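# Results of the structural survey
So you can see what is in the structure, the chains are spelled out below.
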Protein chains: 2
Amino acid sequence: MSLEIERKFLVASLPKGMDRHPHERILQGYLVVGADGSEVRLRRKGRKHYETVKAGRGEVRSELETELTAIQFDRLWEATAGRRVEKTRYEVPHAGKTIEVDVYHGELAGLVTAECEFATPEESRRFVAPAWLGREVTGDPSYQNQSLALHGRPRARSRREEPGGGTGRPPPGLE
Amino acid sequence: MSLEIERKFLVASLPKGMDRHPHERILQGYLVVGADGSEVRLRRKGRKHYETVKAGRGEVRSELETELTAIQFDRLWEATAGRRVEKTRYEVPHAGKTIEVDVYHGELAGLVTAECEFATPEESRRFVAPAWLGREVTGDPSYQNQSLALHGRPRARSRREEPGGGTGRPPPGLE
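Just so we're clear, the structure is a prediction, and the values are computed from it rather than from any experiment. Here, residues in each chain are numbered from 1, in the same order as that chain's written sequence. Starting at A for chains and at 1 for ligands, labels are handed out in the order in which the entities are written. Only residues with pLDDT of at least 70 are given local features in this predicted model, and only at 80 or more are side-chain atom pairs given and counted; all residues enter the totals for whole chains, interfaces and linings. The basis for the side-chain values is all heavy atoms of the structure; hydrogens and waters are excluded.

## Overview of the interface of chain B and chain A
- In this analysis, two residues are considered to be in contact whenever any of their non-hydrogen atoms come within 4.5 Å of each other. The partner chain A presents 22 residues to the 22 residues of chain B that form the contact.
- Here's the idea: put two parts together, see how much 1.4 Å probe accessible area each one loses, and the total over both is what we call buried area. When chain B packs against chain A, close to 1,800 Å² is buried across both sides, 63% of that on carbon and sulfur atoms.
- We define a salt bridge as a side-chain nitrogen of Lys or Arg found within 4 Å of a carboxyl oxygen belonging to Asp or Glu. On the surface where chain B and chain A come into contact, there are zero salt bridges.
- Any N or O atom pair separated by 3.5 Å or less is treated as a polar contact, with the protein-specific requirement of one donor-capable and one acceptor-capable atom, and with residues adjacent in sequence counted only for side-chain atom pairs. One can count five residue pairs in polar contact (both at pLDDT 80 or more) joining chain B with chain A.
- Broken down by secondary-structure element, the contributors of at least two residues to the side of chain B that touches chain A are β2 (23–33), β3 (39–45), β4 (48–55), β5 (60–68) and α1 (70–77) of chain B. Elements are defined by DSSP. Helices are runs of H or I of four residues or more, strands are runs of E of two residues or more, and each kind is numbered from the N terminus.

## Remarks on the pairing of strand β8 (residues 112–118) of chain B
Residues and elements named next belong to chain B.
- For β8, a buried count of six out of seven residues is recorded, marking the element as mostly surrounded by other parts of the structure.
- Any two strands between which DSSP finds at least two bridges are classified as paired. As defined by bridge partners, strand β7 (residues 97–104) adjoins β8 across five bridges and the pair is classed as antiparallel. Paired with Glu-100 across the two strands is Glu-115, which belongs to β8. In this scheme, a residue with accessible area under 20% of its type's maximum is buried, one over 50% is exposed, and one in between is partly exposed, where area comes from a 1.4 Å probe on protein chains only.

## Considerations on the confidence of the model for chain A
Residues and elements named next belong to chain A.
- Per-residue confidence from the predictor is reported as pLDDT, a score between 0 and 100. Considering every residue of chain A, the mean pLDDT works out to 87; 83% of them sit at 70 or more.
- For chain A, the element scoring lowest by mean pLDDT is helix α4 (residues 157–161), at 48; helix α1 (residues 70–77) scores highest, at 98.
- Here residues 156–160 is a poorly scored stretch, pLDDT under 50, and it has nine contacts once near neighbours within four places are set aside; other chains count.
- Here residues 164–168 is a poorly scored stretch, pLDDT under 50, and it has seven contacts once near neighbours within four places are set aside; other chains count.
- Of the two predicted TM-score estimates for the complex, the pTM is 0.80 and the ipTM is 0.77.

## As for the relation of the copies chain B and chain A
- We superpose the copies by least squares over the C-alpha atoms of residues that have a pLDDT of at least 70 in both of them. In the superposition of chain B on chain A (RMSD 0.0 Å, axial shift 0.0 Å), the rotation amounts to 180 degrees. Within this description, the copies of the chain are treated as partners about a two-fold rotation axis. Minimal C-alpha distance to the rotation axis in chain B is attained by Gly-34 of chain B, lying at 2.1 Å.
- The share of interface residues of chain B whose copies in chain A are also at the interface is 100%, consistent with both copies meeting through the same surface.

Here it is, written out as structure tokens:
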């Protein structure tokens with residue numbers, strides 16, 4: 001079982017030349033979400049399919065994953081109805097790390113978030129965010145993909161801080 | 001997605017010659033259980049491995065299932081720790097139907113339940129239980145395998161009705 005240590009940010013303005021970075025379309029849905037925030041997630045990333053079990057909340061979560069065949073994925077996918085998210089993930093290099101930038105589609109269009117994963121809690125604390133990252137939302141449950149899939153985009157306060165002011169338009173870098 | 005229509009009973013005394021009927025050891029565990037009773041279950045039955053997603057409660061539940069490889073099963077199994085059940089399932093013929101009799105092991109030893117699945121609600125209503133079946137527990141959440149895995153064996157009232165009077169000994173037919 002692996003532990004996931006990561007920080008998450010809203011994206012104030014996308015870095016230039018985003019499309020030059022490796023990117024892939026991700027479709028994911030939740031089979032079941034537990035009262036304690038644990039989840040079983042199905043994900044199609046490019047041509048690969050995965051099932052992931054996450055337990056716990058916040059910055060450190062335990063995670064187990066296995067690859068599925070397309071047939072297995074299709075058999076179970078129906079059970080994720082009403083709990084799905086679609087996005088394009090860009091892998092943007094920064095100071096020896098990779099920042100994963102997620103540009104959401106469908107009902108979440110206009111929302112862009114970024115995550116960086118760390119090997120240790122110390123490395124996580126030392127991380128200096130580049131200028132194009134906005135407010136940090138690590139541990140904010142409303143920006144978990146699970147919550148975005150179940151409850152949609154967070155409202156109010158956070159909207160004004162997002163690119164496009166919550167108008168649903170993509171941030172400048174993607175226009 | 002299939003609908004499961006079934007009735008469940010406690011077993012008052014096992015029918016004679018149980019071991020002559022087809023039977024298989026079943027090990028199952030729950031990856032995540034939702035607040036609404038939905039569940040993702042891993043099951044090893046003989047040499048086969050399955051993942052099943054169930055939604056809803058009671059007599060009619062929707063169900064999706066796919067077969068897993070042993071490697072996929074082993075990758076995810078760790079996440080079921082503390083939410084597991086082990087039992088031997090006997091397939092006992094009765095009046096053209098098959099009654100599945102589950103003899104539990106481990107902490108649940110002494111508990112024996114039986115289930116019969118039906119094609120339609122009408123067939124379910126018409127079912128006449130054989131004399132060796134005890135109290136009906138259809139729709140009683142405490143006898144769902146999910147609940148047995150999470151909370152253990154139901155107490156009090158039901159114990160006296162069970163074979164062995166809740167002493168943990170197997171019912172007469174298995175002695």
